[in-house]
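Understanding the architecture of this molecule
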Amino acid sequence: MRAFAENYIQDAVNEGYEGRVVICQPRKNTAVINALKDRGCRYDIIVRGKLDGRLTDGRLPVSCVSRCIDSCGEYGELQKLFCSAELKIVISNTTESGICFNKAERPENYPDISFPAKLTVLLHLRFKSEKAGLVFLPAELIENNGSALCECIIKYAALWKLGGDFVSYVKNECSFCNTLVDRIVTGHIASDEDPCSVACEPYRSWIVSADEKAKAAIPFKNIVYVSDIAPYRARKVKILNGIHTMTAPAALSAGIPTVREAVSDGVFGEYIRRGLEEIKASLDMPKAELDSFADGVLERFSNPFIEHRLIDISLNSVSKFKERCLGTITDYYGKFGVLPKILTFSLAALIAFYLSLPERKYEIKDSEETLAFFAKKPSVKEIMSSETLWETDLTKICGFCEEVEKRLCEIKENGITNAVKEVLYEQTA
């Protein structure tokens, strides 16, 4: 977010906007916010790469951050912030698994509760302090992210018996925008003299569905307001994010560390291009529009200046696969009556990745529940029938489980690279 939202906000500040950012890190790891505090909350965004064939290589000094708050160790400060009249907008990015409801959670267990549960606690404090409602701009890559966040808060309000007046406040006084964000951010460059700098590509896009109240509160330029985000989301999530998610486990297992190296590799570059064709075929959008967007994505993936690490992309890969790739597989199957070979293989590669086949040299980062599930070494059938993982039983799709099991055996017996070659050979047979 520091290379995305703050870019828009800093642009507005440079043109006279008086608002400022308070960064709140919801996790217990405070390394980033402590480093920012040491530098007076100032840092640079390093923007490098090609956009529409033109080269960019520059730095944007960021001065729009006023302070950082540790949501665990400085909870009192966070409460004061949420009850202040100055607070207008809340921007979040907690990954696809962050916006969820858990009926076992209780407010007294803060901070060991989910992001929506924390937000409910804080928003209720604001309501009791009789402050105006807030505008929420979630950046999580789930469908209708603003609506989903609002729904979670209302569910917690009902569970915790916070009252009808609070629910009315959430529904009528607050604005929950559905959004779609797009920028490849690769994080800090180790050799850079600014320890808090963050690198990204030149391309950026923020598409928002908002009511008039939210539009009036949002000061940023270059935001695209639309009535329906769905087609934009389908194109971006399935193509850009889908390629990331179908590639990361397989390429990492083959020892390829970055997106750029995967795209330029003879085997995995072809794997990506074949997967891209399957994704485009599943989408009911104009071919010229899909081709143009896909070509732009490949240009962005080939950016020579940024090291977009596949291990970072692999964070929460199971929930990402469910959101980014599974719908493409089912849409393709419904449209053509056959499974897409590359995307089906990518699920086998993901399973091999989580089962450590072969023995991995990387750390898998996912929820405790997901890691515990795979630690039991479940069978392919157990994995694919798990509605906890996928919210559906994938074994009900004719031939899906058998094909994934076949590909997993090939990965075990021949190694990931040879298994990829095998599926690519079959594609051209």
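The structure this text deals with has already been given above.
Below you will find a few notes about this structure. Everything quoted here is computed from the prediction, not taken from an experiment.

Any empty space left between atoms is shown by rolling a water-sized probe over those atoms. Here the second largest pocket is characterised by a volume of approximately 200 Å³. Forming the walls of the second largest pocket are Leu51, Asp52, Tyr203, Arg235, Ser292, Phe293, Gly296, Val297, Glu299 and Arg300. Ranked by residue count, the leading element in the lining of the second largest pocket is helix 11 (residues 287–301), at six residues. Classifying every residue of the lining of the second largest pocket gives four nonpolar, two polar and four charged.

A word on helix 19 (residues 400–414). Its 15 residues give helix 19 an end-to-end C-alpha distance of 21 Å, which sits within 8% of 21 Å, the value for a rise of 1.5 Å per residue. For helix 19, the full list of buried residues reads Phe400, Cys401, Glu403, Val404, Arg407, Leu408, Glu410 and Ile411. Of the residues flanking the end of helix 19, it is Gly415, one or two places downstream, whose phi is positive at about 90°.

Mapping Leu408 onto the fold places it in helix 19. Relative accessible area serves as the criterion here: at 4%, Leu408 is assigned to the buried category. Residues Leu408 and Leu357, 51 residues apart in the sequence, show an inter-C-alpha distance of 9.0 Å. If we skip the residues at most four places from it in the chain, Leu408 touches Ala348, Ile351, Ala352, Leu357 and Val380.

The next subject is the packing of aromatic side chains. Overall, the coordinates contain 18 aromatic pairs when judged by the stated rule. A centroid spacing of 4.1 Å and a plane angle of 25° characterise the contact between Tyr75 and Tyr110, whose relative ring orientation is stacked. One end of the pair, Tyr75, is in helix 3 (residues 75–82); the other, Tyr110, is in the loop between strand 5 (89–92) and helix 4 (115–128), with 35 residues separating them in the sequence. The interplanar angle of 65° and the centroid separation of 5.8 Å between the aromatic rings of Phe353 and Tyr354 together place this pair among those described as edge-to-face. A network of ring pairs unites the aromatic residues Phe4, Tyr8, Trp206 and Phe220 as a single cluster. Of note, Arg204 hangs over the ring of Tyr8, and the distance from its end group to the ring centre comes to 4.3 Å.

Here we come to the pairing of strand 5. Strand direction decides the pairing type here: strand 5 and strand 6 (residues 135–138), joined by four bridges, are parallel. Residue pairing for strand 6: Ile91 is matched across the bridge by Leu137. In terms of handedness, the path from strand 5 via helix 4 over to strand 6 forms a crossover that is right-handed.

Turning to the pattern of salt bridges, a few remarks are in order. Across all of its chains, the model carries 27 salt bridges by this definition. Where Arg300 meets Asp182, a salt bridge forms, and the shortest distance between an N and an O atom there is 2.8 Å. Separated by 118 residues along the polypeptide, Arg300 in helix 11 and Asp182 in strand 8 (residues 178–182) bring together distant segments of the chain. Accessibility assignment for this pair places Arg300 and Asp182 in one class, buried. For Asp291, the salt bridge identified is with Lys287, shortest N-O distance 2.6 Å. Of this pair, Asp291 and Lys287 both sit in helix 11, separated by four residues, roughly a single helical turn. Through salt bridges with shared partners, one network takes in Glu277, Lys280, Lys287 and Asp291.

Conventions used here
Residues numbered from 1 in each chain as written. Predicted model: local features only at pLDDT ≥ 70, side-chain atom pairs only at ≥ 80, totals over all residues. Heavy atoms only, no water. 1 Å grid on protein atoms, 1.4 Å probe; cavity = no way out; pocket = protein on both sides within 12 Å on 5 of 7 lines; lining within 4 Å. Points joined across faces, edges and corners; volume = space filled by probe spheres on them. Helix = DSSP H or I, 4+ residues; strand = E, 2+ residues; numbered from the N terminus. Nonpolar A, V, L, I, M, F, W, Y, C, P; charged D, E, K, R; others polar. Expected span 1.5 Å × (residues − 1). Buried < 20%, exposed > 50% of the residue type's maximum accessible area, 1.4 Å probe, protein only. Contact = heavy atoms within 4.5 Å. Phe/Tyr/Trp six-rings, centres within 6.5 Å; stacked < 30°, edge-to-face > 60°. Lys NZ or Arg CZ within 6 Å of the ring centre and 35° of its normal. Pairing = 2+ DSSP bridges. Right-handed = clockwise from strand over helix to strand, strands pointing away. Salt bridge = Lys/Arg side-chain N within 4 Å of Asp/Glu carboxyl O.

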